[in-house]
Amino acid sequence: MRVHFVVHESFESTGAYLPWAEQRGYTLSWSRVYAGEPVPKNADGFDMLVVFGGPQSPRTTLAECPYFDSLAEQHLINQAISAGRIVVGICLGAQLIGEALGAKVCKSPEKEIGHFPITLTAAGKEHPFFSHFDSPLSVDHWHNDMPGLTDQATVIAESKGCPRQIVQFGHFIYGFQCHMEFTAESVEGLIRHSQQELAEAAGKTFIRSVKEMREWNYQEMNETLWRFLDKLLQAHSENYPGRGCN
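Residues numbered from 1 in each chain as written. Predicted model: local features only at pLDDT ≥ 70, side-chain atom pairs only at ≥ 80, totals over all residues. Heavy atoms only, no water.

So, the pairing of strand β8 (residues 166-170)
Residues in a regular strand point their side chains to alternate faces of the sheet.
Line of reasoning, step 1. Of all the five residues making up β8, five are buried; the element is thus mostly covered by neighbouring parts of the structure.
Line of reasoning, step 2. Where strand β7 (residues 154-158) and β8 come together, three bridges link them in antiparallel fashion. When the sheet's bridge partners are listed, T154 is paired in β8 with Q168.
Line of reasoning, step 3. Strand direction decides the pairing type here: β8 and strand β9 (residues 173-176), joined by four bridges, are antiparallel. Following the sheet pairing, G170 is matched in β9 by I173.
Line of reasoning, step 4. In this antiparallel pair of consecutive strands, β8 and β9, the connection spans two residues. (Buried < 20%, exposed > 50% of the residue type's maximum accessible area, 1.4 Å probe, protein only. Helix = DSSP H or I, 4+ residues; strand = E, 2+ residues; numbered from the N terminus. Pairing = 2+ DSSP bridges.)

Spelled out as structure tokens, the structure:
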């Protein structure tokens, strides 16, 4: 299995996705766009595309952020979908999937930072990829916006602060507005970078304190994500037996 990571910022890492892929012996490739690495022009070089978060919006222009090419990433997402690849987007990545498919990013009802519970929708409870999820399940968040929905999209999970926490855009295309990949180490990078944002948001309903974020145990959330990913890749290998999970 060949997995390609698109990472937008040095302070917003791959988190639990990296050990998940490494432990399974998958072949990894990267587009660290903050370091000037371009995204691939097509999906020929990978079986799974993972697009991570960042402070940008799908509507951020090259003039506003010269290393973030939203249209190039949306093109890659569409190339991957057309080629039958797995596509997973996290936060900004989920919003980019929606935009690539014609659904405009939306403002979330609430800003969320830190761990808060999500609950599965009726569709989520029936979905075999999510049968191991507790509902409610405490997961991490760091966002203002949420992905748009296409006519074919299905909301898998929601929260009190945001009605679009996990979205299925297609059988092998999933957007996570929440950050189930966060680890103590990756959150520390965000905390260091976001002092002003955290100070301005302090005391709001869905904002955890730095102390709470540092003390929370991320392991259960990460393991729940890993089981979803394993199910997703197994189902993909059964539909595309030439690609497999090895």
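The structure having been displayed, the exposition proceeds.
Some details on the nonpolar core
Line of reasoning, step 1. If you look at the biggest cluster of nonpolar residues, it comprises 52 residues, and the most contacted ones within it are M48, F130 and F228.
Line of reasoning, step 2. At eight residues, helix α8 (residues 219-239) tops the list of elements feeding residues into this core.
Line of reasoning, step 3. Among the nonpolar cores identified, the runner-up in size contains 21 residues, and V6, V39, F46 and A153 belong to it. (Core = buried A, V, L, I, M, F, W, Y, C linked by side-chain atoms within 4.5 Å.)

Comments concerning the layout of surface pockets
Line of reasoning, step 1. Each pocket or cavity is described by its volume, and for the largest pocket that value is around 360 Å³.
Line of reasoning, step 2. As for the largest pocket, its lining consists of 18 residues, of which G54, P55, W142, N144 and E197 are closest to the centre.
Line of reasoning, step 3. At the level of secondary structure, the elements contributing two or more residues to the lining of the largest pocket comprise β6 (137-146) and α5 (184-193).
Line of reasoning, step 4. Along the lines of polarity and charge, the residues of the lining of the largest pocket split into five nonpolar, nine polar and four charged.
Line of reasoning, step 5. The space that makes up the second largest pocket amounts to roughly 180 Å³. (1 Å grid on protein atoms, 1.4 Å probe; cavity = no way out; pocket = protein on both sides within 12 Å on 5 of 7 lines; lining within 4 Å. Points joined across faces, edges and corners; volume = space filled by probe spheres on them. Nonpolar A, V, L, I, M, F, W, Y, C, P; charged D, E, K, R; others polar.)

A few points about the packing of aromatic side chains
Line of reasoning, step 1. One pass over the full model with this rule turns up 15 aromatic pairs.
Line of reasoning, step 2. Look at F129 and Y174: their rings are 6.1 Å apart centre to centre, the planes differ by 50 degrees, and that puts the pair in the tilted class. Taken together, the positions of F129 in the loop between α4 (122-126) and β6 and Y174 in strand β9 put the pair 45 residues apart, joining distant regions of the chain.
Line of reasoning, step 3. Plain terms: the ring middles of F176 and F228 are 5.3 Å apart, the flat faces sit at 65 degrees to each other, and that makes the pair edge-to-face. In this pair, F176 is assigned in strand β9 and F228 in helix α8, connecting sequence segments 52 residues apart. Each member of the pair, F176 together with F228, is buried.
Line of reasoning, step 4. One aromatic cluster in this structure is built from F5, Y17, W20, Y26, W30 and F52.
Line of reasoning, step 5. It is R208 that lies over the ring of F116; its NZ or CZ is 4.4 Å from the centre. (Phe/Tyr/Trp six-rings, centres within 6.5 Å; stacked < 30°, edge-to-face > 60°. Lys NZ or Arg CZ within 6 Å of the ring centre and 35° of its normal.)

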